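Here are the chains, one letter per residue:
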Amino acid sequence: MRVRKTALVAALSSLALLTGCGAADMTKQASPFANAQGAKTVTLSVQSWVGAQANVAVAQYLLEHELGYRVDTVQVDEVPAWDALSQGRVDAILEDWGHPEQEKRYVDDKKTIARGGELGVTGHIGWFVPTYLAKKYPDITNWKNLNKYSHLFRTPESGNKGQLMDGSPSYVTNDKALVKNLKLDYQVVFAGSEAAQITQIKQFAKEKKPFLTYWYAPQWLFEKVPMTEVKLPPYKEGCDAVPEKVACAYPHTPLEKYLNSGFAKNGGKAAAFLKKFQWTTEDQNEVSLMIAEQKMSPEDAAKKWVDSHKSTWKKWLS
Amino acid sequence: MATITANPPRIGLPALLKNRAVHKLLLLAAAAAILVPLADARWASGTWPSALTLDFSEPLAKASDWIIDNRDSHPLFLYFFGHVSNVVVIAVRAVYLTLLAIGWAGVTALGALVAWRVAGVRLALGTAVAFLACGLLGMWVPTMQTLALMVVAVLASVVVGALLGLASGLSDRMDRVLRPVLDTMQVLPAFAYLLPVVLVFGIGVPAAVLATVVYAAPPMARLTALGLRGADKEVLEAVESLGSTARQRLLTARIPLARKELLLGVNQTIMMALSMAVIAAVIGAGGLGDRVYQALASVDVGAALAAGIPIVLLAVVLDRVTGAAGERLGAEPEPRSGLGWLLALAGVVAVAVAGRLAGRLDWPEAWIVNIAEPVNRAVDWMTAHLYSGVPVIGGTADWAGHFTTWVLDPVRDGLQGLPWWSLLLIVAALAWVIGTWRTALTAVLAMAAIGVLGVWKPSLDTLSQVLAAVAVTLVVGFAVGIAAARSDRLERMLRPVLDVFQTMPQFVYLIPVVALFGVGRAPAVAAAIVYALPAVVRITTQGLRQVDPAALEAAGSLGATSWQQLKQVQLPLARPALLLAVNQGLVLVLAVVVIGGLVGGGALGYDVVFGLAQGDLATGLVAGVAIVCLGLMLDRVTQPTERRAKKGA
Amino acid sequence: MDTTPVFSVEGLWKVFGPKAERVPADPELTALDPAELRARTGCTAAVRDVSFDVRKGEVFVVMGLSGSGKSTLVRCLTRLIEPTAGTIAIDGEDVRAMDRSRLRELRRHRAAMVFQHFGLLPHRTVLDNVAYGLEIQGMGKAERRERAAAVVAKVGLEGMEQRRPGQLSGGQRQRVGLARALAVDPEVLLFDEPFSALDPMIRRDMQEEVVRLHQEEGRTMVFITHDLQEALKLGDRIALMRDGRVVQLGTPEEIVGSPADDYVREFVRDVPREQVMTVRTAMRRPVGHQDGSGPAVRPEATVSEAIEAVARAGAPARVMDKGRCVGVIDSDTLLGVVAGTEQPAPPGTGQPKEAV
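Naming follows an unreviewed UniProt entry, where chain B appears as Glycine/betaine ABC transporter permease of Streptomyces lomondensis. Quoted straight from UniProt, the Sequence similarities (unreviewed entry) entry for chain B says "Belongs to the binding-protein-dependent transport system permease family."

An unreviewed UniProt entry lists chain A under the name Glycine/betaine-binding protein, with Streptomyces lomondensis given as the organism.

When helices and strands are counted, chain A shows 13 helices and nine strands. Expressed as a percentage of the 318 residues in chain A, the buried residues total 58%. Considering only intrachain contacts with a sequence separation of at least 6, the fraction spanning at least 24 residues in chain A is 73%. Surface summary for chain A: the accessible area is close to 13,100 Å², and the carbon and sulfur share equals 55%.

This brings us to the pairing of strand β1 (residues 7-16) of chain C. All names here are of chain C. Among the 10 residues of β1, seven are classified as buried, and the element is accordingly described as predominantly covered. Where β1 meets strand β2 (residues 44-54), seven bridges bridge the pair, whose relative direction is antiparallel. Across the sheet, the residue bridging to Phe 7 is Val 54, located in β2. Where β1 meets strand β4 (residues 85-90), five bridges bridge the pair, whose relative direction is antiparallel. Paired with Phe 7 across the two strands is Ile 90, which belongs to β4.

Attention now moves to the sheet that holds β4 of chain C. Taken in spatial order, the four strands of this open sheet run β2-β1-β4-β5 (chain C), and their pairing is antiparallel. Lying at the two open borders of the sheet, with one neighbouring strand each, are β2 and β5 (93-94) of chain C.

Our next topic: the interface of chain B and chain A. Taken together, the contact between chain B and chain A spans 74 residues of the former and 70 residues of the latter. A combined buried area of about 6,200 Å² lies between chain B and chain A, and 57% of that area is made up of carbon and sulfur atoms. A per-residue breakdown of the area chain B buries against chain A is headed by Ile 203, Val 519 and Tyr 606 of chain B, which together make up 10% of the total. One can count one salt bridge joining chain B with chain A. Tallied by class, residues from the side of chain B that touches chain A come to 41 nonpolar, 22 polar and 11 charged.

Our next topic: the state of the cysteines. Cysteine pairs can be linked by a disulfide, which is a covalent bond between their two sulfur atoms. All names here are of chain A. Counted according to the given criterion, the structure contains one disulfide over all chains. What pairs with Cys 239 in a disulfide is Cys 248, and their sulfur atoms sit 1.9 Å apart. Its S-S torsion of approximately 80° makes the covalent link between Cys 239 and Cys 248 right-handed. Given the relative accessible area of 26%, Cys 239 is considered partly exposed.

Before going further, it helps to examine the packing of aromatic side chains. Residue and element names in this part refer to chain A. Enumeration according to the criterion identifies 23 aromatic pairs over all chains in this entry. Each ring, one from Phe 153 and one from Tyr 186, has its centre 5.9 Å from the other, and the planes form 45°; the classification is tilted. Here Tyr 186 lies in strand β6 (residues 186-190) and Phe 153 lies in the loop between α5 (131-136) and β5 (162-166), a separation of 33 residues in the sequence. Owing to a relative accessible area of 2%, Phe 153 belongs among the buried residues under this scheme. For Tyr 186, a relative accessible area of 4% puts it in the buried group.

Reading the values: rules and limits
- Within every chain, residues take consecutive numbers counted from 1 along the sequence as written.
- Throughout, the order in which chains and ligands are written sets their labels, letters from A for the former and numbers from 1 for the latter.
- Totals for whole chains, interfaces and linings use every residue, but because this is a predicted model, local features are given only for residues with pLDDT of at least 70 and side-chain atom pairs only at 80 or more, for both listing and counting.
- Remark: hydrogens and water are excluded; side-chain values derive from all non-hydrogen atoms of the structure.
- UniProt positions are given in the numbering used here, feature names are shortened, and annotations may be inferred rather than shown by experiment.
- Counting from the N terminus, the helices are the DSSP runs of H or I reaching at least four residues and the strands are the DSSP runs of E reaching at least two.
- The cut-offs for exposure are 20% and 50% of the maximum accessible area for each residue type, with area from a 1.4 Å probe on protein chains only; residues under the lower value are buried, those over the upper are exposed, and the others partly exposed.
- Contact definition: two residues touch when any of their heavy atoms are within 4.5 Å.
- Per-residue accessibility takes into account occlusion by the displayed protein chains alone, with areas from the Shrake-Rupley method and a 1.4 Å probe.
- Paired strands are those between which DSSP finds at least two bridges.
- Simply put, the buried area is the total loss of 1.4 Å probe accessible area from both parts when two parts are fitted together.
- Just to be clear on terms, a salt bridge is a Lys or Arg side-chain nitrogen sitting within 4 Å of an Asp or Glu carboxyl oxygen.
- Under the convention adopted here, Pro, Cys and the residues Ala, Val, Leu, Ile, Met, Phe, Trp and Tyr are nonpolar, Asp, Glu, Lys and Arg are charged, and Gly plus all remaining residues are polar.
- Two cysteine sulfurs form a disulfide in these notes if their separation is within 2.5 Å.
- Here a Phe, Tyr or Trp ring, Trp counted by its six-membered ring, pairs with any other such ring whose centre lies within 6.5 Å, and the pair is stacked when the planes are under 30 degrees apart, edge-to-face when over 60, and tilted otherwise.

Written out as structure tokens, the structure reads:
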């Protein structure tokens, strides 16, 4: 009857709190759904893209089946996720694309978040055209020629300019500045969500229509719709320092893991496991594709991967 | 009064209206003649003059930083918000753990037996089926999470709403203060509530619950006040004449007399809380909404639907059960109702204990039916065949393209091309002719606030989408509504469809919408139409059906054809309802502007999504406030004489 | 007989509107007619300078058309509406000077009211509605239910104790309203047009019910109505109101027999006079030789009863009071009453009643 007892304790303590004694630090309050039924719970943040879902699916599977944890997942956008991580409402973020400002605030100053090491995957953002288009117009993959082909990319949304499709507002993007600074005859159209962007890309690809899109790797969609990157002026350290003046490509970012500091210290096996969790782009894509293309449930996909990659994950548990 | 030969009033009324309208317009024109040249000379520009804008981004960003830095140290947070948040967490947790402890069989039995006691056998069966369906779809735990959050949020909303309603129902001064606030809150889109609570509480369940309470309490407050104020005066007088104290009057007469409204308030609160609990997934509410949201990320309509169906089922069951409970009030009390409850309770305990002994508290995995795959196949097939290349009529993509080029673009460019002061004038004229000078003033101030916030252009972009969506919604909605009002069978067939579309989380149909219409403003408009259409159809049908049957009979006896009856009797008499439909259509369309931002609608909706996603409260809040202002403006411009207490949930 | 009136109302005013209290105080304003008053001050005087006494055990009827101020007047008696000026006394105690708790006492025990639209609580059973007044007083559940059950039986609603008001007919509902007022055993019953929402047949039943109750219990009643027939049937005395003023106060006979002005005359024109006028009013003084012959009638008998007696005997009738002949009445006088040609002497000046 542990549950009853917990409920009773909860009721009593809420009563005590209502009478207004003592301070309550909301940054130390866990999710109400955590640790239900006496199981130890880990709460993972899932970002909206499938790669992140793949990380979480595999971590969740192993935590549940190998370590006996109960795992809750919460989908939050990246920046708010940092805040949630700092508050301990989320225990870990498994894939972060670089948020220097948040890193400084939470990791260095407040020390509420601890670094969890690299994920093992390197991320890269860029502009892409479908490979069938690149084959047809080989010089289209250089930004200098984009204006020449802008008429191909016209849509009702972009009017008489070419359409450069951007995705979720949570993603890092310099595209508006790039279009302006490189003097491109293009209009940035925000799909507003990755789901919308992927759906649109797939529709274009189905009809072999031309399109130019902001996209990132690793991403499972490349397997389904082969795309070729358009070369932008090369990235140099610091060329993206002033957002309005950016005129260079996006960098290659080693993706990082972050843990709530309390969890990193007291999270026991789970924290140790998450710190060691590291895999390759291919691994991630394999799982992503199962989830997104084959529409397997994340759990089934994770199981399939885990069953066939024992050597990889055994290292994480040791 | 309502005779058929409506000729004299029909000539008289427009003439009168015209006179009054002309009068008002002349006055307005005179004012404009003085003010416009002044304004134009000072700030000559087509768009809102930059001299008149205020930049809020700096202070807002600072405030946001301050809150994040001080959340764990400042007394305000430690001793107030911290406790609030803590109580919410503990309460939700307690309910959640209780639900899990009862087990799936126990919860199903509890739901069914409560429904049986308050609403009868049929709804009890429906409730049981709904709960079992949640389990079958593999959504048991998320359903319980949503339910736990809902229970806490609804209880809090009902208490807060009832207290506010009591204050406003008993004190005229409170009523004068509260009424405009509550009225305004009715028209605000749900997303507008998310940012401020996130600012204070951060992502998570406390923020979600509080946003839900803020969203769901106003209808309770309004209806409580309405019930208290609408009580039969003579009954109150009789009670007073017997020498009751004020307290006795309140407890034995006023509150019991308002019980119908109170129950309707609870019903409304539950419906709104449910819709908000889903939307609040964006700020970490967890539960079913989160599952829908996650499925969206992997472009998996099937999975989104699997999480969406339990929401619809919960909504329909809760609506019907509370509705039926309301209808049962005042009927013959069942002689042994205490015994019935006891029986019900015993049944729940028995089932829960049995479930516990059998070790079957969690929904058995073997019983989960996977609907995602067939649904996805169906959606794929549909989009593949409709997207383009349909002979003669073209594909949906072509329609979307034409709609963008021929409707959305001209409207947007037209609005953005108008000088700023002329837009203010148009708003003033419309609001004044339809309403009073007060509504006109509010509308103009709301519009001006948009300019001051510095989001004039994107707001007009959003406005153009809203207008286009409302136009389509009204045309389709009136047509369907009229048809449904004339055919009982059609209405019966429509009812479940409308229920589903009204309660289905909007996230679910985002992907099909994009798959059919591509990315951009057209799909945003489509999503808005899907969302607003049910309410418009409902109000139209109800309005037409409530037309005095005697008037119709009289018209029929004079040999009017059914078309003549519709045109000359039903539509004119249902005018208030139709105006209300316009108003509700606008409010609802505006409510999904943010959703439109997720499919490429851009403008304000995108800014709000951006603000939420990037934690950029300056952008998000300003855009949110602008949406609120647009809402206020549109509501005031179309404010019908009588406002419905209900809000399409 | 106790001479202290149950209610004694003196110079009562009720004015609605801004700064209402100045109206009764200003003789210039009190002289205005309603339309002028509204135009001048924006105020409406619902009750204007009304004075009357309600005697113990009588049925006092206030009659007038809608808008005449009668409902406001009755509400002023227990200060459900706060009077603007004047005095009200119940058993000699100043009602307007009462504090809250004293006023509650008054409402709880001394005066109970029956309302036009019944004012029942729809969520309670008949029994609990009747017991409501006792509940308010703080009486225990068992006791108040027992007493309520007795009253329910008294008004003829046995077997309906557990019904809700919504399941009753209009007449039954008003019986519940009546029972609720009776249950607190008040000194005075106030009726505010209690039967005007009922069908004519039911209305007659209810009127007879009231007559019966009055005969059985002798309780003082103040009865508001717009129905002249009802007023004449029930009232011991009638105050006829118009535009907030009492234009005539008297017995039904006096009102019908000698209207104070044209308004009252017009009002009572269609009343079958023979059923209202009594022999006492219509008779002539006895002349010696008629002493021993003819049928005898009581002075309280109505004219129509006398007509029957005279017609049967074919001779004038003697009016006998306590074995003494106080007058005679013949077919000419009776015809005069029916036709309305014979005007009895104006009130107060040598009326036969006073003469006795």
